[in-house]
Amino acid sequence: MEVAYNQSDFDYRRAEGVNQSSLKKILQSPAHYQAALKNKLIPTPAMEMGTALHCLTLDGQKAFEAQYVKKPEGIKLNTKEGKEWKEGVGRKKVLSVGGKDDPWGSVHGMDESLRRLAYFDPSQPDYIKYNEVSVYWEWEGVQCKARLDRVDIENSLVLDLKTTDSIEPEIFTKKVVGLGYDFQAAYYAKAAEVAFGKKFEFIFAAVERKPPFTVDLFQVDEDMMAEGMAKCTAALRAYKTCESLGEWPNRDPLIRKLSYPSWYQPYGTLEEPEDLF
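Residues numbered from 1 in each chain as written. Predicted model: local features only at pLDDT ≥ 70, side-chain atom pairs only at ≥ 80, totals over all residues. Heavy atoms only, no water.

Digging into a nonpolar patch on the surface
On the surface, Y260, W263, Y264 and Y267 cluster together into a nonpolar patch covering about 610 Å² of accessible area. Structurally, Y267 can be placed in the segment after α10 (222-245). (Patch = residues over 30% accessible without salt bridge, like charges linked within 9 Å, V, L, I, M, F, W, Y side chains within 5 Å. Areas by Shrake-Rupley, 256 points an atom, 1.4 Å probe, with all protein chains shown as cover. Salt bridge = Lys/Arg side-chain N within 4 Å of Asp/Glu carboxyl O. Helix = DSSP H or I, 4+ residues; strand = E, 2+ residues; numbered from the N terminus.)

Here's what the structure looks like:
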């Protein structure tokens, strides 16, 4: 087991180990897992804002300024002036101001909202140290790795930042289930337990991408954590079997019943032909 503090994202990604975002795909089929490894995910604008927020909130202002730059208002990157400006900022990622998403303003607005929470107060001792904590360990005979957004060792908490369209519980819960965040919560809680020798609770710090950038904390309950752990165990065992056989098959085809949706109005219920028009 190894814990790495302040490890760069580049070094983490290069390190040996299975990460949760790829591993959970094996629950669909081993072929889905392999496809996730081979096909690079193209980030959406929302995902790019989330990455920028992680940098600003967890790595700090200095790290953010080293990686991101605000696009001057009125400049177009496809013009001579814009190309010269872009060349001058080098490899920094450009965040525009205004528009439908207002990436620069939204990232800073979300960061300001999160800073109101004691968990994300950068003035506390060793704040940066316990952010983006990399853990490497063996689980079910598989070399695993995880990168925890924030660890509160004293209170036995792992916190994970999520940007979202809405923090309404029903909507966010649907996102948690649909995107497999229960798997992530269990995987990261296990990593923290192995690293620090005790059980950890898991909290999603969800912040809305639009003003006023409302924040809510969602603590994973015992039932969801148990289900997530069961999924992790099943996924790791499937991974170990496939790795030993050198085979990563797709699932067998299913026969699915095709029925009309509830909103469909059957043709036979129309009393007169003119009802069609």
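There's plenty left to go through after this.
Remarks on the environment of K80
With respect to the secondary-structure elements, K80 resides in helix α6 (residues 80-89). The exposed category is assigned to K80, whose relative accessible area is 65%. Separated by 61 residues in the primary sequence, K80 and G141 place their C-alpha atoms 56 Å from one another. (Buried < 20%, exposed > 50% of the residue type's maximum accessible area, 1.4 Å probe, protein only.)

Let's talk about the side chain of H54
On the secondary structure map, H54 appears in helix α4 (residues 45-59). Excluding residues that lie within four positions of it along the chain, H54 makes contacts with D59, E132, D149 and L161. (Contact = heavy atoms within 4.5 Å.)

Considering the nonpolar core
Counting residues in each nonpolar core, the largest one holds 38 residues, and the members touching the most others are L23, W137, L148, Y187, F202 and F204. Of all elements in the fold, only β4 (131-139), β5 (142-152), α8 (169-178), α9 (181-196), β7 (201-208) and α10 reach the threshold of two or more residues within this core. Sequence-distant contacts of F202, defined by excluding residues within four places in its chain, comprise V158, D160, Q184, A185, Y188, F218, Q219, V220 and M225. L114, L157, I203 and A205 belong to the second largest nonpolar core, which has 14 residues in total. (Core = buried A, V, L, I, M, F, W, Y, C linked by side-chain atoms within 4.5 Å.)

Comments concerning unusual backbone geometry
Geometrically, the link from P211 to P212 is a cis peptide bond, its omega value of 5° lying close to zero. Phi angles above zero are rare outside glycine, and E132 is one such case at about 50°. Residue placement: E132 occurs in strand β4. E132 sits in the buried class, given a relative accessible area of 10%. Of note in this structure, E140 is not a glycine but carries a positive phi near 55°. Structurally, E140 is set in the loop between β4 and β5.

Thoughts on helix α7 (residues 103-115)
For α7, built from 13 residues, the straight-helix expectation of 18 Å at 1.5 Å per residue is met to within 8% by its first-to-last C-alpha distance of 18 Å. Burial in α7 covers these residues: P103, W104, S106, V107, G109, M110, D111, S113 and L114. (Expected span 1.5 Å × (residues − 1).)

Regarding the packing of α9 against α10
Two quantities define a packed helix pair, namely the angle between the axes and the distance from one axis to the other. Following both chains from N to C, one finds α9 and α10 inclined at 85°, their axes separated by 8 Å at the closest point. The angle between α9 and α10 places the two elements in the roughly perpendicular class. Residues D182, F183, A185, A186, Y187, A189 and K190 of α9 lie in contact with α10, whose contacting residues are M224, M225, E227, G228, M229, K231, C232 and A235. Here the residues of the contact of α9 with α10 are counted per class, giving 10 nonpolar, 1 polar and 4 charged. (Axes fitted to C-alpha atoms, helices over the stretch in contact; angles between N-to-C directions. Parallel < 35°, antiparallel > 145°, perpendicular 65-115°, else oblique. Nonpolar A, V, L, I, M, F, W, Y, C, P; charged D, E, K, R; others polar.)

With respect to the state of the cysteines
The full count for this structure, using the stated rule, is 0 disulfides. Free of any disulfide, C144 has its nearest cysteine sulfur in C232, 8.7 Å distant. This cysteine, C242, is not joined by any disulfide, and C144 carries the nearest cysteine sulfur, 15 Å off. (Disulfide = S-S within 2.5 Å.)

As for the packing of aromatic side chains
Applying the stated criterion across every chain, the model contains 18 aromatic pairs. Summarising the aromatic geometry, the rings of Y33 and Y239 are spaced 5.6 Å apart at their centres and angled 90° between planes, so their arrangement reads as edge-to-face. Remark: Y239 occurs in helix α10 and Y33 occurs in helix α3 (residues 30-38); sequence separation between them is 206 residues. For the residue pair Y33 and Y239, the accessibility class agrees, reading buried in each case. Ring plane angle 45° and centroid distance 5.9 Å describe the contact between F196 and F200, whose orientation is recorded as tilted. Three or more aromatic residues joined by ring pairs form one cluster here, namely F172, Y181, Y188, F202, F204 and F218. When the ring centre of Y12 is taken as reference, the NZ or CZ atom of K145 above it lies at 4.7 Å. Stacked on the ring of Y181, the Lys or Arg K162 has its end atom at 4.1 Å from the ring centre. (Phe/Tyr/Trp six-rings, centres within 6.5 Å; stacked < 30°, edge-to-face > 60°. Lys NZ or Arg CZ within 6 Å of the ring centre and 35° of its normal.)

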